[in-house]
Amino acid sequence: MVIPHLVFLVGPSRNPEPVALSAFASPDALDPQLLQFLEGASERLCRWIGSAGERGPLPALRILPDAAPQVHGRDMGQLLDDLQQVMDGAFQPSHPGSLAHFDPPPLSASIAADLICAGLNNNLLAEELSPSLSHLERQLCTWFAERIGFPTGASGVAASGGSLSNLIALVSARHHAGLDHNPDAVVVVSADAHVSWRKAARVMGLQSDGVRSIPVDEQGLIDLQQLEDELEALSREGRPCMAVVATAGTTVRGAIDPLSAMADLCSSLGLWLHVDGAIGAVFALSPTTTHLLHGIERADSITVNPQKVLGITKTSSLLLVRKAKVLSEAFSTGLPYMEPALEHDHGGELGLQGSRPAEVLKLWLGLRQLGESGIEQVLSAAIARRQYFQQQLDPNRLIILTGPLHVLACRPQCGQAQQHAAWSMETRRLLLSRSIMVSRPLHQGRHFLKAVLGNPHTDHGLLDQLASILNQSVEALP
């Protein structure tokens with residue numbers, strides 16, 4: 001099924017006659033059918049991306065392709081049409097009005113690297129299954145660690161998403177503290193910390209109160225005095241703290257907790273400090289924005305998600321650790337069915353994942369495409385868009401929540417929670433009709449509208465339009 005009004009986007013089929021596609025390409029010669037198939041798929045993808053501005057971020061219709069395979073395999077043209085059907089029903093991050101979440105357009109080199117990654121089909125479980133890519137992952141983790149300010153010897157591991165990186169960090173922290181078999185152990189986070197900490201606590205078998213949340217101040221930062229009070233209370237209760245989590249970029253407003261002060265406190269108490277920098281840690285890569293993360297280099301572990309700003313195709317997350325050995329100590333099993341690694345631990349011995357795709361390839365090639373200057377430009381431009389957008393909003397009409405990064409949320413100054421819920425739904429619907437997509441998070445009992453300004457295709461004209469609609473949207477409220 002193809003949506004009729006989208007047929008012109010793809011043109012006629014390039015394969016009018018049925019063309020068989022080998023299930024497995026020949027290892028002895030160039031497979032012309034595979035080449036034709038990949039060229040056809042790539043052309044359709046490029047047309048889909050290139051026509052993003054002609055539609056909205058969300059598809060006009062919800063398309064439900066058949067999930068089950070048919071009795072007989074489909075030919076090349078049919079497979080391409082299957083792919084087209086999925087594309088026609090997909091969310092479009094390349095649209096300039098795609099501002100709802102931390103999902104920027106994909107970086108060009110990263111797209112190509114993702115294809116090569118699939119074709120190589122190497123497995124980062126063990127060195128012999130991915131010799132060059134295992135080395136590349138170690139080197140890239142080392143580069144990230146050095147740029148963030150970790151000492152020589154720091155390392156890390158790639159993981160499929162920030163939630164998994166956070167879980168790996170917490171398991172490592174618990175093992176390092178000798179609390180593997182203590183269900184009374186506690187992790188302390190801010191009230192605005194990511195939901196992944198709740199999931200991690202369930203996976204790790206912690207008590208129902210194993211995640212302690214500390215209130216935040218008016219800027220969205222963890223309250224240091226209440227954090228200190230909570231740690232003292234835990235000590236009196238005999239509840240060991242396995243880690244304190246600082247958030248570098250909260251989900252709703254992009255706030256960055258006071259990293260240096262939290263490092264001072266954790267150091268004085270001998271506690272593990274993890275920085276959940278899935279949103280903000282990547283800004284430490286640029287000399288113009290690294291000051292925003294002052295103190296991050298004092299953490300014991302850091303989650304970094306380049307996919308959220310730099311456009312690395314999903315998923316791209318790294319867990320960086322100050323001391324490389326903490327990962328192997330927590331996760332090593334010996335891998336008795338593999339040959340020993342030549343220099344370092346196997347990748348599958350450094351985290352929860354065994355078999356892993358070479359996701360580091362798209363991160364590496366994407367950074368190679370951007371270069372130092374490109375990384376800085378992407379990061380600084382994202383913040384500049386947020387600053388410009390904020391200047392267009394009327395603070396007399398709207399409560400504006402933001403931080404130093406590229407995220408901003410707002411709601412009306414007046415009205416009650418129920419009115420804010422209705423306002424957010426109606427205004428979001430109006431914006432979607434103008435091909436502008438924002439999200440409506442529930443924060444501190446109130447619905448907000450949130451814009452993430454990491455889309456490089458978003459210009460000032462669109463931000464002016466968005467700000468104007470938001471400013472006028474509150475006029476009907478009492």
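Our structure's up above, just so we're on the same page.
So, here is what we can say about the structure in this document. (Residues numbered from 1 in each chain as written. Predicted model: local features only at pLDDT ≥ 70, side-chain atom pairs only at ≥ 80, totals over all residues. Heavy atoms only, no water.)

**What to know about the pairing of strand E9 (residues 407-412)**
Step number 1: The buried fraction of E9 amounts to six of the six residues, a majority that puts the element mostly inside the structure.
Step number 2: For strand E8 (residues 398-402) and E9, the ladder comprises five bridges, and the chain directions are antiparallel. Within E9, the position partnered with Ile400 by the bridge is Cys410.
Step number 3: The antiparallel pairing of E8 with E9 creates a hairpin that spans four residues between the two strands.
Step number 4: Pairing of E9 with strand E12 (residues 449-452) involves four bridges; the strand directions are antiparallel. (Buried < 20%, exposed > 50% of the residue type's maximum accessible area, 1.4 Å probe, protein only. Helix = DSSP H or I, 4+ residues; strand = E, 2+ residues; numbered from the N terminus. Pairing = 2+ DSSP bridges.)

**Some remarks on the sheet that holds strand E2 (residues 186-190)**
Step number 1: Overall, mixed pairing links the seven strands, which are arranged E1-E7-E6-E5-E4-E2-E3 in an open sheet. At either end of the open sheet lies a strand with only one pairing partner, and these are strand E1 (155-159) and strand E3 (211-214). Across this sheet, the average inter-strand angle for adjacent strands is 20 degrees, counted without regard to direction.
Step number 2: Strand direction decides the pairing type here: E1 and strand E7 (residues 317-321), joined by five bridges, are antiparallel. Residue Gly156 lies in a different strand from E7, and its bridge partner there is Leu320. (Axes fitted to C-alpha atoms, helices over the stretch in contact; angles between N-to-C directions.)

**Topic: a nonpolar patch on the surface**
Step number 1: On the surface, Leu34, Leu38, Leu115, Ile116 and Leu120 cluster together into a nonpolar patch covering about 390 Å² of accessible area.
Step number 2: Residue assignment for the nonpolar patch shows that the elements contributing at least two residues are helix H1 (32-50) and helix H3 (108-120).
Step number 3: At three residues, H3 tops the list of elements feeding residues into the nonpolar patch.
Step number 4: In this fold, Leu120 is placed in helix H3. (Patch = residues over 30% accessible without salt bridge, like charges linked within 9 Å, V, L, I, M, F, W, Y side chains within 5 Å. Areas by Shrake-Rupley, 256 points an atom, 1.4 Å probe, with all protein chains shown as cover. Salt bridge = Lys/Arg side-chain N within 4 Å of Asp/Glu carboxyl O.)

**A look at the environment of Lys325**
Step number 1: Looking at the element boundaries, Lys325 is found in helix H9 (residues 325-331).
Step number 2: In this structure the C-alpha to C-alpha distance between Lys325 and Ser155, which are 170 residues apart in sequence, comes to 8.7 Å.

**With respect to the packing of aromatic side chains**
Step number 1: A complete count under the given rule lists one aromatic pair for this structure.
Step number 2: Between the aromatic rings of Trp143 and Phe144, the centroid separation amounts to 5.2 Å while the plane-to-plane angle is 90 degrees, which identifies the pairing as edge-to-face.
Step number 3: Accessibility expressed as a relative area gives 26% for Trp143, which makes it partly exposed.
Step number 4: Looking at Phe144, the relative accessible area reads 0%, which means it is buried. (Phe/Tyr/Trp six-rings, centres within 6.5 Å; stacked < 30°, edge-to-face > 60°.)

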